[in-house]
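# What the coordinates show
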Amino acid sequence: MKDFTGKAIIAAVLFGTSLTAAAQDKVEATLQADVVSQYIWRGQDLGDVSLQPSLGLAYKGLSLSAWGSVGLSDPGDTKEFDLTLAYKTGGFNIGVTDYWFNSPDERYFNYASHSTSHVFEANVGYDFGPVAMQWFTNFAGNDGRDRGGDRAYSSYFEISAPFSLAGCQWTAAVGAVPYATSFYAEADGFAVTNVSLKAVKDVRVTKRFTLPLFAGVSANPSTEKAYFVFGLTLRP
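## Details of the overall build of the chain
Helix and strand counts for the chain stand at zero helices and 14 strands. When the helices and strands of the chain are read in sequence order from the N terminus, they spell out β-β-β-β-β-β-β-β-β-β-β-β-β-β. When burial is assessed residue by residue, the chain has 46% of its 236 residues classed as buried. Total accessible area on the chain stands at roughly 11500 Å², and carbon and sulfur atoms take up 63% of it.

## Description of the side chain of Asn 93
The topology assignment puts Asn 93 in strand S7 (residues 92-101). Engagement of the side chain of Asn 93 in a polar contact is seen with the side chain of Gln 134, the distance being 2.6 Å.

## Observations concerning the sheet that holds strand S9 (residues 132-141)
Pairing in this closed barrel of 12 strands is antiparallel, and the strands run S1-S4-S5-S6-S7-S8-S9-S10-S11-S12-S13-S14 around the ring. Strand after strand, the sheet turns through a mean of 20° between neighbouring axes, direction not considered. Two elements, strand S10 (residues 155-165) and strand S11 (residues 168-177), share nine bridges in a ladder whose sense is antiparallel. What sits directly across from Ile 159, in S11, is Val 174.

## Details of the packing of aromatic side chains
Per the counting criterion, the structure on display carries 15 aromatic pairs. Between Phe 136 and Tyr 156, the ring centres sit 6.1 Å apart and the planes meet at 40°, which makes this aromatic pair tilted. Note that Phe 136 is positioned in strand S9 and Tyr 156 in strand S10, a separation of 20 residues in sequence. For Phe 136, a relative accessible area of 0% translates into the label buried. Residue classification places Tyr 156 among the buried residues on the basis of a relative accessible area of 0%.

## Quick word on the confidence of the model for the chain
Confidence in the prediction for the chain averages 90 pLDDT; 90% of positions are at 70 or higher. Across residues 8-22, where pLDDT falls below 50, the model places 74 contacts with residues more than four positions away in sequence or in other chains.

## Focus on the nonpolar core
In this structure, Trp 41, Tyr 99, Val 119, Tyr 156, Val 177, Phe 183 and Tyr 184 are the most contacted members of the largest nonpolar core, which totals 13 residues. Looking at this core, the elements with two or more residues in it are strand S2 (39-41) and S7. Setting aside anything within four residues of it in sequence, one finds Tyr 156 in contact with Arg 42, Gln 134, Trp 135, Phe 136, Gly 175, Ala 176, Val 177, Pro 178, Tyr 184, Thr 193 and Asn 194. Among the nonpolar cores identified, the runner-up in size contains five residues, and Val 36, Ile 40, Phe 214 and Val 229 belong to it.

## Observations concerning the environment of Leu 46
Residue placement: Leu 46 occurs in strand S3 (residues 44-47). Distance in space between the C-alpha atoms of Leu 46 and Ser 69 is 10.0 Å, their sequence separation being 23 residues.

Basis of the calculations
- Residues numbered from 1 in each chain as written.
- Predicted model: local features only at pLDDT ≥ 70, side-chain atom pairs only at ≥ 80, totals over all residues.
- Heavy atoms only, no water.
- Helix = DSSP H or I, 4+ residues; strand = E, 2+ residues; numbered from the N terminus.
- Buried < 20%, exposed > 50% of the residue type's maximum accessible area, 1.4 Å probe, protein only.
- Areas by Shrake-Rupley, 256 points an atom, 1.4 Å probe, with all protein chains shown as cover.
- Polar contact = N/O pair within 3.5 Å; in protein donor to acceptor, adjacent residues only side chain to side chain.
- Pairing = 2+ DSSP bridges.
- Axes fitted to C-alpha atoms, helices over the stretch in contact; angles between N-to-C directions.
- Phe/Tyr/Trp six-rings, centres within 6.5 Å; stacked < 30°, edge-to-face > 60°.
- pLDDT = per-residue confidence, 0-100.
- Contact = heavy atoms within 4.5 Å.
- Core = buried A, V, L, I, M, F, W, Y, C linked by side-chain atoms within 4.5 Å.

Laid out in structure tokens, this is it:
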């Protein structure tokens, strides 16, 4: 899960999507780390102050990336390690993410269906320019349950709109869970879980070094909670 709302790997819509790379003629690498005041993902509180490094490779629209999160202020926060394989062409993108957490089982290579800490998610979306839409569905691993106790194939969809204002790059987003699942804060049916607004601004430190700062507000109407998150991005 990515971003301070979650789960951005390199460049993401507000509070959580996967890495997608624009088509290019050579292999490109990305390396960075975010420090966030709170880890909020799709309207859920997943931890306090956190370090979130990411590493990615991209070639002609195909990308492979790694993303992680570890608590800095609370050692008890869940540790996370995600791998994403994605493809983008034009405005269309598709991808698969393997999320891993150190709970319920700390063993990374345990893939047993009833004890694994991995969650496998597929996503598909389209960026229309003024507005982007993305759909996510868990298809295997430690998924949530529906009202009947069966695998929920937990899903989430989000609509986001980027814009520029007052020297900052902004993204507004609305996300919802379409049906009942315990994976998203015990959603008992259709639930709007994320209404958010994020701003990013590059602050020049020296002639050659700028420090990207970001801040965002996020509300979860389903749980009646709201969050304010601040962070910075470190790049080589």
